[in-house]
Amino acid sequence: MALVEIQDLTKVFHRDSQEIPVFDGVNLEIEQGEFLSLMGPSGSGKSTLLHLLAGLDKPTAGRITVGGAEVTGMKRRQLAAWRAQHIGFVFQFYNLLPVLTAFQNVELPLLLTRLSSRERREHVDTALGVVGLTDRSDHYPRQLSGGQEQRVGIARAIVSDPTMILADEPTGDLDAKSADEILALLKRLNEEFNKTILMVTHDAHAAERAHEVMHLDKGVLSR
Amino acid sequence: MKFMRLIWVNLLRNKRRTILTVLSVMVALFLFTTLRSVVTALDAVSEVGSEARLITRSATGITFPLPQSYFERLKAQEGVQAVSWANWFGGIYVDQSNFFAQFAIDQDTYLDMYPEMAIPDDQKQAFLGERTAVLVGSGLMQRFGWTLGQNVTLQGTIFPGDWEFTVRAVYVPDDPSFGDEMFFFHYDYLYEGTNGNIIPGWFVVQLEDPTAAPTVIDRIDRQFENSSNPTQTETEKAFNAGFVTMWGNIGFLVKAIGTAVFFAILLVTANTMMMAGRERIGENAVLKTLGFQDGLLFRLVLVESVLITLVGGALGTFGSRLMFGPGNAVNSIIQGFRVQWSTVILALVIAILLGVVSGMVPAWQAMKLPVIQALRRVA
């Protein structure tokens, strides 16, 4: 059984009285440990697919299961708890809280667990170690470069050891060198830690780092 | 507790705004605590006083004295157990700002009528046995740091000249509303000091039976009705209540001011929290993406709001308590005026309520925040 199963997924946005279809009957299976990239023109629904997978949005029709749990059938409250445990989200613009240090930003998802302060510290140190930022743990986002901020964002995404990492254009705001480092890091997470990753990107070079590149255009998903 | 750091950093995110809001709440709650204490003290003063004692004063006004001969005539009234008299002195101790009430009393009859004042026997005898002796409230002793045997000079205003006294006795009231900052001395001393040019300011009449008060009052006032000095008699309690009404409808005024201040501060705090909430739309969306529950975000915003108002409220109300604790200067103007713990607790409850109400809208907005739209705004 695949880790992620998407069946007949349909999403229609409503703007005033106008209906804007995004997908119509999309099907997809993602196996545990896969690293997939998703490409497509702007407005094709790439980010929407990520949001639906993360349970941040509801489909118009269709079914999504992740690790056997039916995401589309969950209530808002259940979704938040599920997301905290199973989804690591990496944003294009890092979205770190500027008032918290790198350590505190990475610790945020762990505040939702029953871990003790000492256990949280150990987990955060490990995550920062994986992304190579142990020496920057006391730095605030404004004291970090874009690449370092994104690495903190990735540490935050992996600190609770989620089932899946969803990355929404993780290199979109970075220079070529930093982007390469981030892609190498994601690849390492996939290869060394067997993390399942779905990455949305506009960059063909970045997409090539995944096992497989998928395309989404006019509501049709092709692998 | 693990979320306290998140709340704390959010509070300190815009230090100037937080400090200004805390100061606003502090001033408002300081005002509330102080004004409320004024009302409480005035209410207590209007309640203090015995139903078994009558005050007979000139019908023309409290500042007009009554003939000494009334003493015997009042004593002869049916239902009257004892009679005494007193005068307002109105002296200045060192400086005009050191105001306290001073009374010349008929030392032989007055103290027996006021069991509310606890005086050690030896001190009472020392007071009664010396013409220039003075009986002082414990609060006044504390306020000026006086000691027994100390000489105190008052500069007369109604009765000119320097008046020398020796502190011989201290009373402790059985109820703070009675007042612990009064100054009693011998009427004889005032009589001699003014070369006999003085007559009683008012009479205090002790009743045999308090329930007979209306009848005795009527009888006294009718007796002097057609004299050159008609009287107005009322129970001591009614007299004190009437004295309080001379302040005007303070209670209404204070409540009106308190309500206006509450709503003004509510708007200030609500505005602060709304601004803070607006600035954090993106961050709240990120927190929700990380798995923060709607209810948790609601509570975090609400706690933040309550912390602001509670800190401000605590500073204001404890500041008022410190400034107007026992022995404060206003106590001599309004007997028993002090910030009571019950008022402090009420002010803190109001501070919490203020925080909850002003944080409700931004907390609700954070809870109901549509994550997708908010994330798009961040992007």
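Because the structure is predicted, anything quoted here is derived from the model rather than measured.

**Side note on the confidence of the model for chain A**
Part 1: For chain A, the average pLDDT comes to 93, and 100% of its residues sit at 70 or higher.
Part 2: Taking the mean pLDDT of every element in chain A, the minimum, 87, falls on strand β10 (residues 220–222) of chain A and the maximum, 97, on helix α3 (residues 102–107) of chain A.

**A look at the pairing of strand β2 (residues 80–88) of chain B**
All names here are of chain B.
Part 1: With 6 bridges joining them, β2 and strand β9 (residues 202–207) adopt antiparallel strand pairing. In the strand pairing of β9, A82 is matched with Q206.
Part 2: Note that β2 and strand β3 (residues 102–105) share 3 bridges and pair antiparallel. If you follow W88 over to β3, its bridge partner there is F103.

**Observations regarding the sheet that holds strand β1 (residues 4–15) of chain A**
Residues and elements named next belong to chain A.
Part 1: Pairing is antiparallel across the open sheet formed by 4 strands, whose spatial order is β2-β1-β4-β5. This sheet does not close on itself; its edge strands, each paired only once, are β2 (18–30) and β5 (69–70).
Part 2: Two strands pair when backbone bridges link them, and strand β4 (residues 61–66) and β5 are joined in this way by 2 bridges, in the antiparallel orientation. Across the sheet, T65 pairs through a bridge with E70, a residue of β5.

**Concerning unusual backbone geometry**
Residue and element names in this part refer to chain A.
Part 1: For D16, which is not glycine, the phi torsion reads 55° and is therefore positive.
Part 2: Here D16 is to be found in the loop between β1 and β2.
Part 3: At N95, a residue that is not glycine, the phi angle is positive and equals roughly 55°.
Part 4: The class of N95 is buried, set by 24 C-beta atoms lying within 10 Å.

**Some remarks on the interface of chain B and chain A**
How big an interface is tends to be reported as the loss of accessible area on association of its parts.
Part 1: On the chain A side, the residues contacting the 18 residues of chain B number 21 residues.
Part 2: Every element with two or more residues in the side of chain B that touches chain A is listed here: α1 (4–11), α10 (281–290) and α13 (371–378) of chain B.
Part 3: The biggest single contributor to the side of chain B that touches chain A is α10 of chain B, with 5 residues.
Part 4: Residue composition of the side of chain B that touches chain A, grouped by class: 9 nonpolar, 4 polar and 5 charged.

**Considering the nonpolar core**
Part 1: Core analysis: the largest hydrophobic core is formed by 65 residues, its most contacted members being A155, L166 and L198 of chain A.
Part 2: No other element matches the 6 residues that helix α6 (residues 176–193) of chain A contributes to this core.
Part 3: What L198 of chain A contacts, discounting residues up to four positions off in sequence, is I30, L36, L38, L50, L53, M164 and L166 of chain A.
Part 4: Membership of the second largest hydrophobic core comes to 46 residues, among which are I105, Y110, F185 and L207 of chain B.

**Examining helix α7 (residues 213–223) of chain B**
An α-helical turn contains 3.6 residues, so any two residues separated by three or four positions project in the same direction.
All names here are of chain B.
Part 1: Of the positions making up α7, those classed as buried are A213, V216, I217 and I220. Looking straight down α7, one finds its buried side chains confined to an arc of 100°; they lie on one side. In this structure, α7 carries P214, D218 and R222 as exposed residues pointing more than 90 degrees from its buried face.

**Focus: the sheet that holds strand β8 (residues 196–200) of chain A**
Neighbouring strands of a sheet are bound in pairs by backbone hydrogen bonds; such pairs are parallel or else antiparallel.
Residue and element names in this part refer to chain A.
Part 1: Strands sit in the order β6-β7-β8-β3-β9-β10 across an open sheet of 6 strands; the sheet is mixed. Of all the strands in the sheet, the pair left with one neighbour each is β6 (87–90) and β10. The average angle at which neighbouring strand axes cross in this sheet is 20°, direction not considered.
Part 2: Across 4 bridges, the pairing between β6 and strand β7 (residues 164–168) is parallel. When the bridges of β7 are listed, V90 appears paired with A167.
Part 3: Contacts from helix α1 (residues 46–53) reach β3 (35–39), β7, β8 and β9 (212–217), with the element oriented near 150° to β8.

**What about the packing of α1 of chain B against helix α11 (residues 294–323) of chain B?**
Residue and element names in this part refer to chain B.
Part 1: Contact pair α1 / α11: the axes reach a minimum separation of 10 Å and the direction vectors enclose 60°. Taken together, the axes of α1 and α11 lie oblique to each other. The crossing of α1 and α11 is right-handed. Here α1 contributes L6, I7, N10 and L11 to the contact with α11, which in turn contributes L300, V303, E304, L307 and I308.
Part 2: Here the contact of α1 with α11 is built from residues that sort into 7 nonpolar, 1 polar and 1 charged.

**Observations concerning helix α4 (residues 117–130) of chain A**
Residues and elements named next belong to chain A.
Part 1: With 14 residues, α4 extends 20 Å from end C-alpha to end C-alpha; this agrees with the ideal 20 Å at 1.5 Å per step.
Part 2: For α4, the set of buried residues is H123, V124, A127 and L128. Looking down the long axis of α4, one finds its buried residues gathered within 130° of arc, a one-sided arrangement. Exposed residues on α4 whose side chains face more than 90 degrees from its buried face are R118, E119, E122 and G129.
Part 3: Check the buried side of α4 and you find it contacts α3 and α5 (146–158).
Part 4: Count one or two residues on from α4 and you reach G132, which has phi positive near 75°.

Cut-off values and rules
Residues numbered from 1 in each chain as written. Chains lettered and ligands numbered in written order. Predicted model: local features only at pLDDT ≥ 70, side-chain atom pairs only at ≥ 80, totals over all residues. pLDDT = per-residue confidence, 0-100. Helix = DSSP H or I, 4+ residues; strand = E, 2+ residues; numbered from the N terminus. Pairing = 2+ DSSP bridges. Buried ≥ 20, exposed ≤ 12 C-beta atoms within 10 Å, placed from the backbone. Contact = placed C-beta atoms within 7 Å. Nonpolar A, V, L, I, M, F, W, Y, C, P; charged D, E, K, R; others polar. Core = buried A, V, L, I, M, F, W, Y, C linked by C-beta atoms within 7 Å. Arc of directions from axis to C-beta. Axes fitted to C-alpha atoms, helices over the stretch in contact; angles between N-to-C directions. Parallel < 35°, antiparallel > 145°, perpendicular 65-115°, else oblique. Left-handed = near helix turned anticlockwise from the far one by under 90°. Expected span 1.5 Å × (residues − 1).

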